[in-house]
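# Residue-level structure breakdown
One letter stands for each residue in the lines below.
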Amino acid sequence: MREMSFAGAIEDALAQAMAKDSRIVVMGEDVHMLRVNLFARFGKDRVRSTPISEAAFLGAAVAAAMAGLKPVAEIMMVDFIAVAVDALLNHAAKLERFSGGNWKAPVVVRTACGGGYGDGGQHEQCLWGWLAHIPGLAVVVPSTPADAGALMLSALEHDGPVVYLEHKLLADYWLDYLGAGGRKSVSFDVPAAGAKGPVPDQWESVPWGKAVIRKDGSDLTIASLGVSVHRASEAAEDLAKEGIAAEVIDLRSVAPLDIEAISDSVAKTARLMVVDEDYKEFGLSGEIAAQLLERGLSFRYGRVCTEDTVPYARHLEDEALPSRGRIVQAARTLMSQRKP
Amino acid sequence: MEPDLFMLYRQMLRSRLFEEAVMELWNEGRISGEMHLAIGEEAICPGVCTQLRDGDALALDHRGTPPLVMRGVSLVLLLKEFLGSPDGLCRGWGGHMHLFAPERLTASSGIVGAAGPTAVGFALAHQHLRAGAVAVAFFGDGAANQGMLMEAMNLASAWKLPAIFVCKDNQWAITTRSASVTGGDLVARAASFGMPAVEVDGMDAVAVWKTAATAIARARTGEGPSFIKGCCLRSEGHFLGDPLVRVARHPISEITEIAPPLIKAVGKFSGTTLAARAESLMKITELIGTTVKEQYLVKDDPLKRLRDTLGAQKKECEQIEEQCRREILQAVEDALPGR
Ligand SMILES: Cc1ncc(C[n+]2csc(CCOP(=O)(O)OP(=O)(O)O)c2C)c(N)n1
Ligand SMILES: [Mg+2]
């Protein structure tokens, strides 16, 4: 076991994979600096800096994957994927079906997401539910260094397109780059267990589309992902003091969604809360409820999500994003309702 | 036509002093997130903005503070917005990358290239609703490679819209030298869309003003769009805390942080050839070298240049300087009483 930062783990796992497989090529804006260690070790042909032409290089990454390369295309922040989403929506995600299963595009789209540092609504979105809505697209969201490295390998091993989302509050270099800018005069609520933690000596992938239980409990199921997993775990500590045992599930993958794991837990607790930093309506939180209902489960349901555009002002942003306080509040409400 | 040099000087100075005040507040931790200043770009914005009038529109990128200052948006509202106040220009919802002033038809976007289609849309509305009004897009050299911006130039040309595309070329897109990721020449590229495209000295406010006057006149009379590109030099880099600027300014502390993992990575057994690894390191060294040069060796400053031009009129200049200083101090005091 080693200790590593969230960002360090991604880089370490990626380097391990790149050393083994020369078809892996990283491309994106500023990668010669953002991935300077990979750039120095693997050279400019495998760590390629691009112009600000996302539609072109993401579209090209998809086709390069079709032609045998294994591109890791970086969209600096997931918000910016909007200008290039056609490559995923109409091409990468459709290819397997359109070709009758004969052709796939194993491209990894690595992109930073999430808020908590005051950049505002065009730079702090999550959008994983929006992306996972598209059939044929896998979407993964690690919440710990160990998962960050392992899921990068899983994504690289997957035979279709994967969006790999890296939360900026967990990745120290992003937070310094965008939030602190070298200042000591600002601070952020960084979940310690997400930003740094134990990782294996040799990276191995994790099973595709499998959630993990971060904390056992029998009163209430909290399903979450990314930074919100840590907020939920903190809230679960508060709830424990009130005699409420919450089970915290880290989804890790939005698509495929491990509905089995959620279903097993809810069958036990009959209460589900989804904590999702992505938008509330028409997204992951509603989808989980719908799938459980389709399975015939009866349960009380609540959710803590981002409900509107993320505001710029830090105090407004704190209220808008899922927080320990909001989760505790929602859990109390849920617990006050009789089990169905 | 000749510009009023004092007016240009005043607008440039207001913008400079305002952004310096913003920098201080940001350093104090009162402003959150990224902060992209336009210090060094001041010759380009006023050369265009001082010729705009009511009804004209502006489409701005992530570096939109100076055009708003020059268009007369309240400095206090701007500051309060940056401070995240509910009384800010956008009630604390936008921040410095997302500034909107509907009464001046001015919209910003943090999405690189978005200024293109936005200006085209404003210009289209002008064509129907406000004959004689123009729409200006300000964007960077990096944005010039964004598809939607190129499409927007074509659309403006095909529809003969009253749009002016202004590229502020600092030769950088964050840490990427634009030349290394750009095919061909941006002026020739714009010209190929069938519009007048001009390169102007982006550090010379008077030259920009004259070039802009031609483009604006052309747009006002319904003859269609133009493209102007000016090169400039930004001392604060991409944003406050720019990693390359940090290395240039604090080489010892920054390099001790970057070097260990870098040396470890370069020394790994598997990877590319030694020559290619050396080339990567050379490239990083070169980028740092260019930044150091821009920080310490190049002394060109658009504000100083105009001040030198005005050299003989010392009294008038000093009066403007005093007025601007007082205006900015007052704005900070009003936004943050008793700081
Ligand atoms: C679509 C999109 N891609 C990437 C980014 C990240 N980004 C913000 S500013 C910037 C560089 C812009 O360079 P340029 O247009 O030259 O403007 P400058 O910052 O130099 O003024 C990049 C890549 C973004 N905001 N939007
Ligand atoms: Mg630039």
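In this text, all values refer to a predicted model and were calculated from it rather than measured experimentally.

Reading the values: the criteria
- Residue numbers run consecutively from 1 along every chain, following the written order of its sequence.
- Each chain takes a letter, starting from A, and each ligand takes a number, starting from 1, following the order in which they are written.
- pLDDT decides what is reported in this predicted model: residues at 70 or higher carry local features, side-chain atom pairs at 80 or more are listed and counted, and totals for whole chains, interfaces and linings draw on all residues regardless.
- Based on all heavy atoms of the structure, the side-chain values leave hydrogens and waters out of the count.
- An automatic or database domain assignment provides the domain bounds reported here.
- Note on contacts: a residue pair is in contact if any heavy atoms of the two residues lie within 4.5 Å.
- We define buried area as the total accessible area lost by two parts upon association, computed with a 1.4 Å probe and summed across both.
- What makes a salt bridge here is a side-chain nitrogen of Lys or Arg within 4 Å of a carboxyl oxygen of Asp or Glu, nothing more.
- Helix and strand definitions follow DSSP, with helices as H or I runs of at least four residues and strands as E runs of at least two, each counted in order from the N terminus.
- The criterion for strand pairing is that DSSP finds at least two bridges linking the strands in question.
- All axes are obtained by fitting lines to C-alpha atoms, using only the stretch in contact for helices, and the reported angles, taken between N-to-C directions, cover 0 to 180 degrees.
- Identification of polar contacts relies on pairs of N or O atoms within 3.5 Å, with a donor-acceptor requirement for protein atoms, meaning one able to donate a hydrogen and the other able to accept it, and with residues adjacent in sequence counted only if both atoms are side-chain atoms.
- Any two of the Phe, Tyr and Trp rings considered here, Trp counted by its six-membered ring, make a pair once their centres fall within 6.5 Å; the pair's planes then place it as stacked at under 30 degrees, edge-to-face at over 60, or tilted in between.
- Note on classification: 1.4 Å probe, protein chains only; a residue is buried when its accessible area is under 20% of the maximum for its type, exposed when over 50%, partly exposed between these limits.
- Counted as over-ring charges are cases with an Arg CZ or a Lys NZ within 6 Å of the ring centre that also lie within 35 degrees of the ring normal.

Moving on, we get to the domain arrangement of chain A. Residues and elements named next belong to chain A. Domain annotation for chain A reports domain 1 (2-199) and domain 2 (212-335). On a C-alpha basis, the centres of domain 1 and domain 2 stand 25 Å from each other. Facing 35 residues of domain 1, the contacting portion of domain 2 comprises 25 residues. Roughly 2200 Å² of surface becomes buried between domain 1 and domain 2 when both sides are summed, with 54% attributable to carbon and sulfur atoms. For the pair domain 1 and domain 2, the number of links is three salt bridges.

A separate point is the environment of B:Arg220. Residue and element names in this part refer to chain B. You can see Arg220 is positioned in helix H8 (residues 205-220). Separated by 86 residues in sequence, Arg220 and Val134 have C-alpha atoms that sit 6.2 Å apart. The residues contacting Arg220, other than those within four sequence positions of it, are Gln51, Leu52, Arg53, Asp56, Gly132, Ala133 and Val134.

The subject of this paragraph is the sheet that holds strand S10 (residues 220-224) of chain A. Residues and elements named next belong to chain A. The five strands are arranged S9-S11-S10-S13-S14 in an open sheet whose pairing can be described as mixed. The open sheet terminates on both sides in strands that have one partner only, identified here as strand S9 (212-215) and strand S14 (300-306). Adjacent strand axes in the sheet meet at a mean angle of 25°, parallel and antiparallel pairs treated alike. Across seven bridges, the pairing between strand S13 (residues 271-279) and S14 is parallel. Looking across to S14, one finds that Tyr279 is bridged to Thr306. Relative to the sheet, helix H11 (residues 259-269) contacts S10, strand S11 (246-250) and S13, its axis offset from that of S11 by approximately 175°.

Next up on the list: the interface of chain B and chain A. Each side of the interface is counted separately: chain B has 53 residues, and chain A has 48 residues. Both sides of the chain B and chain A interface together cover about 4000 Å² of buried area, and 58% of this is carbon and sulfur. Together, B:Ser32, B:Trp93 and B:Ile111 form the three largest contributors to the area buried by chain B at its contact with chain A, with a combined 14%. Across the contact surface, chain B and chain A share two salt bridges. Across the pair B:Glu279 and A:Lys44 runs a salt bridge whose closest N-O atoms are separated by 3.2 Å. For the interface between chain B and chain A, the tally reads 27 residue pairs in polar contact (both at pLDDT 80 or more). Those elements that place two or more of their residues in the side of chain B that touches chain A are helix H1 (5-27), helix H4 (75-82), helix H9 (243-249), helix H10 (251-267) and helix H11 (274-297) of chain B. Among the elements that make up the side of chain B that touches chain A, the one with the highest residue count is H11(B) (seven residues).

Turning to the packing of aromatic side chains, a few remarks are in order. Evaluated as defined, the whole model comprises six aromatic pairs over all chains. Here the aromatic rings of A:Trp174 and A:Tyr177 are separated by 5.8 Å at their centres, their planes lie at 70°, and the arrangement is edge-to-face. In this pair, A:Trp174 and A:Tyr177 both sit in helix H8 (residues 172-180), three residues apart, roughly one turn of the helix. The two residues A:Trp174 and A:Tyr177 agree in class, both being buried. Consider the rings of B:Phe139 and B:Phe227, whose centres lie 6.5 Å apart with planes at 40°: the pair is tilted. With B:Phe139 in strand S4 (residues 135-140) and B:Phe227 in strand S9 (residues 226-231), the pair connects residues that are 88 residues apart, well separated along the chain. The class of B:Phe139 is buried, set by a relative accessible area of 1%. Taken together, the ring pairs in this structure connect A:Tyr173, A:Trp174, A:Tyr177 and B:Phe239 into an aromatic cluster. When the ring centre of B:Trp26 is taken as origin, the NZ or CZ atom of A:Arg183, which lies over that ring, is 3.6 Å away.

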